[in-house]
Amino acid sequence: MYKHILIPIDGSSLANTGLEQGLGLARALGASVTVVTAYGSFHMPSMETVQLEGVRKTYEHQAQELASSYLTEAAARAQAMGVPCTTEMRESDAPYQVIIDIALTQNCDLIAMSSHGRSGMAALLLGSQTQKVLAHSTVPVLVYR
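Residues numbered from 1 in each chain as written. Predicted model: local features only at pLDDT ≥ 70, side-chain atom pairs only at ≥ 80, totals over all residues. Heavy atoms only, no water.

A.B. asks: In this structure, what is going on with the overall build of the chain? I would like to understand it.
C.D. replies: Looking only at helices and strands, the chain features five helices and five strands. Listing each helix as α and each strand as β along the chain from the N terminus yields β-α-β-α-β-α-β-α-α-β. Across the 145 residues that make up the chain, the buried fraction comes to 34%. If you take every contact in the chain between residues at least 6 apart in sequence, the share linking residues at least 24 apart comes to 76%. (Helix = DSSP H or I, 4+ residues; strand = E, 2+ residues; numbered from the N terminus. Buried < 20%, exposed > 50% of the residue type's maximum accessible area, 1.4 Å probe, protein only. Contact = heavy atoms within 4.5 Å.)

Next up, the structure:
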């Protein structure tokens, strides 16, 4: 069945629920997991970029620290459940593409992720990384709600 499951997280309680579900599935299947998180790039306005350079560096440092804390906690949960786990952190404004790329490069055979389950205008206006993964991934995707 599935031997290597990719589990994307973003630090939200919904993603943590998906992490627990994904780890439980991996444990039941005897699979390993890769847990991934992506943080967005800092975008500076075109004016006064020199004054904002310190802000950019502070943002990047804090975003990396926060993402690292999510991954450290996820790895500890996996270890407590006896699930082999690796982690990946990337900077990207397109998290869905990071998810797909890592699934392919790490030879994952399943992506297990959460979705807020938005529909209608909310889904259209807010977009959904899960919907984008479903639309573009060649790797099977299991969605937790």
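A.B. asks: Please explain the packing of helix 3 (residues 95–105) against helix 5 (residues 129–136) as it appears in this structure.
C.D. replies: Helix-helix packing is characterised by the crossing angle of the two axes and by the distance between the axes. Viewed as axis vectors pointing N to C, helix 3 and helix 5 meet at an angle of 45°, and their least axial separation amounts to 8 Å. The angle between the axes of helix 3 and helix 5 places the two elements in the oblique class. The two elements helix 3 and helix 5 meet at a crossing, and its hand is right-handed. Here P95, Y96, I99 and I100 of helix 3 come into contact with helix 5, specifically with Q129, K132, V133 and H136. (Axes fitted to C-alpha atoms, helices over the stretch in contact; angles between N-to-C directions. Parallel < 35°, antiparallel > 145°, perpendicular 65-115°, else oblique. Left-handed = near helix turned anticlockwise from the far one by under 90°.)

A.B. asks: Help me understand the packing of aromatic side chains in this model?
C.D. replies: The relative placement of two aromatic rings is captured by the distance of their centres and the angle of their planes. Here the structure, examined in full by the defined rule, presents one aromatic pair. When the ring of F42 is compared with that of Y59, the centres are 5.6 Å apart and the planes differ by 35°; the resulting orientation is tilted. Of this pair, F42 sits in the loop between strand 2 (32–39) and helix 2 (49–81) while Y59 sits in helix 2; the two residues are 17 residues apart in sequence, bridging distant segments of the chain. Given the relative accessible area of 23%, F42 is considered partly exposed. The partly exposed category is assigned to Y59, whose relative accessible area is 28%. (Phe/Tyr/Trp six-rings, centres within 6.5 Å; stacked < 30°, edge-to-face > 60°.)

A.B. asks: How do you make sense of the pairing of strand 2 when you look at a structure like this?
C.D. replies: Consecutive side chains along a regular strand alternate between the two faces of the sheet. In terms of residue burial, strand 2 counts as a mostly covered element, since six of its eight residues are buried. Pairing of strand 1 (residues 4–8) with strand 2, which is carried by five bridges, proceeds in the parallel orientation. Bridge pairing links I5 to V33 in strand 2. Remark: the strand 1/helix 1 (residues 13–29)/strand 2 crossover connection has right-handed handedness. When strand 2 meets strand 3 (residues 85–91), the two strands line up parallel, connected through seven bridges. The partner of Y39 across the bridge, within strand 3, is E91. (Pairing = 2+ DSSP bridges. Right-handed = clockwise from strand over helix to strand, strands pointing away.)

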